[in-house]
Amino acid sequence: MTDDEHSARTVQITFDCADPARMARFWAEALGYRLQDPPEGFGSWEQALEAMGLPPERHNDASAVLDPEGAGPRLFFQRVPEGKRAKNRVHLDVRAAPGLEGDARMAALEAEAERLVSHGATRLGHHEPDPPLGAGHIVMADPEGNEFCLD
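This is a predicted model, so every value here is computed, not measured.

Peer 1: Just to check I follow, could you spell out helix α4 (residues 102–117) for this structure?
Peer 2: Given 3.6 residues per turn, any residue in an α-helix points the same way as the ones three and four places further on. With 16 residues, α4 extends 23 Å from end C-alpha to end C-alpha; this agrees with the ideal 22 Å at 1.5 Å per step. For α4, the complete set of buried residues consists of Arg105, Met106, Leu109, Glu112, Ala113 and Leu116. Axial view of α4: buried residues confined to an arc of 125°, hence all on one face. Turned more than 90 degrees away from the buried face of α4 sit Asp103 and Glu114, all of them exposed.

Peer 1: Please explain the packing of aromatic side chains as it appears in this structure.
Peer 2: According to the stated counting rule, one finds five aromatic pairs in the structure shown. Considering the side-chain rings of Phe15 and Trp27, the 5.6 Å spacing of their centres and the 40° angle between planes classify their relative orientation as tilted. Placement of Phe15 in strand β1 (residues 12–17) and of Trp27 in helix α2 (residues 20–31) is noted, with a sequence separation of twelve residues between them. Residue Phe15 shares its accessibility class with Trp27, and that shared class is buried. Taken together through their ring pairs, the aromatic side chains of Phe15, Phe26, Trp27, Phe77 and Phe148 make up a single cluster.

Peer 1: Help me understand the pattern of salt bridges in this model?
Peer 2: Inspection of every chain in the model, using the stated rule, returns nine salt bridges. Arg115 is paired through a salt bridge with Glu29; the nearest N and O atoms lie 2.4 Å apart. With Arg115 in helix α4 and Glu29 in helix α2, this pair connects stretches of sequence that are 86 residues apart. The shortest N-O distance in the salt bridge between Asp61 and Arg58 comes to 2.5 Å. Note on Arg58: relative accessible area 41%, which makes it partly exposed.

Peer 1: Just checking my understanding: could you explain the sheet that holds strand β6 (residues 122–127) for this structure?
Peer 2: Whenever strands of a sheet pair, they do so through backbone hydrogen bonds, lying parallel or antiparallel. Reading across the sheet, the four strands line up as β5-β8-β7-β6 and stay open at both edges, with mixed pairing between neighbours. Bordering the open sheet on either side are β5 (92–94) and β6, each of which pairs with just one other strand. Strand-to-strand twist in this sheet, taken as the mean axis angle between neighbours without regard to direction, amounts to 25°. Pairing of β6 with strand β7 (residues 137–141) involves five bridges; the strand directions are antiparallel. Paired with His127 across the two strands is His137, which belongs to β7. Along the sheet, α2 makes contact with β5 and β8 (147–150), crossing β5 at roughly 45°. Packed on one face of the sheet, α4 meets β6, β7 and β8 and runs near 10° to β7.

About the criteria used
Residues numbered from 1 in each chain as written. Predicted model: local features only at pLDDT ≥ 70, side-chain atom pairs only at ≥ 80, totals over all residues. Heavy atoms only, no water. Helix = DSSP H or I, 4+ residues; strand = E, 2+ residues; numbered from the N terminus. Expected span 1.5 Å × (residues − 1). Buried < 20%, exposed > 50% of the residue type's maximum accessible area, 1.4 Å probe, protein only. Arc of directions from axis to C-beta. Phe/Tyr/Trp six-rings, centres within 6.5 Å; stacked < 30°, edge-to-face > 60°. Salt bridge = Lys/Arg side-chain N within 4 Å of Asp/Glu carboxyl O. Pairing = 2+ DSSP bridges. Axes fitted to C-alpha atoms, helices over the stretch in contact; angles between N-to-C directions. Contact = heavy atoms within 4.5 Å.

The values reported here are purely geometric and, on their own, carry no functional implication.
Shown next, in the form of structure tokens:
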């Protein structure tokens, strides 16, 4: 086997959703990401999609956000006809209190939860620290009900 066969792969995280533009804006805000720029030569996605021949009713079929530092994965949002039906089997943990412990950690998580609620998230649960393994976290849902944790 060659080294290429064992090298790490990059990943993209894809969300099925009803409103890709809204979800992209929410997750960009939650993670400090930015909306992906339109293709070179276009001043906006609307211009690019029109040039591609996409009718206006399909302009919100997809959207994506990127880590401005290039370190994190691209998040891609694609419109699907069906709604969310069950609890996520995989979820994101948003590291909102790195290096903090105890009351300071939980206060930072609470502040971030309030900020994200103002952007369309829903608070689902609060888990106090439970040493030695449980540092405490807050369970949230994005605007379309996908669970994630503030950790």
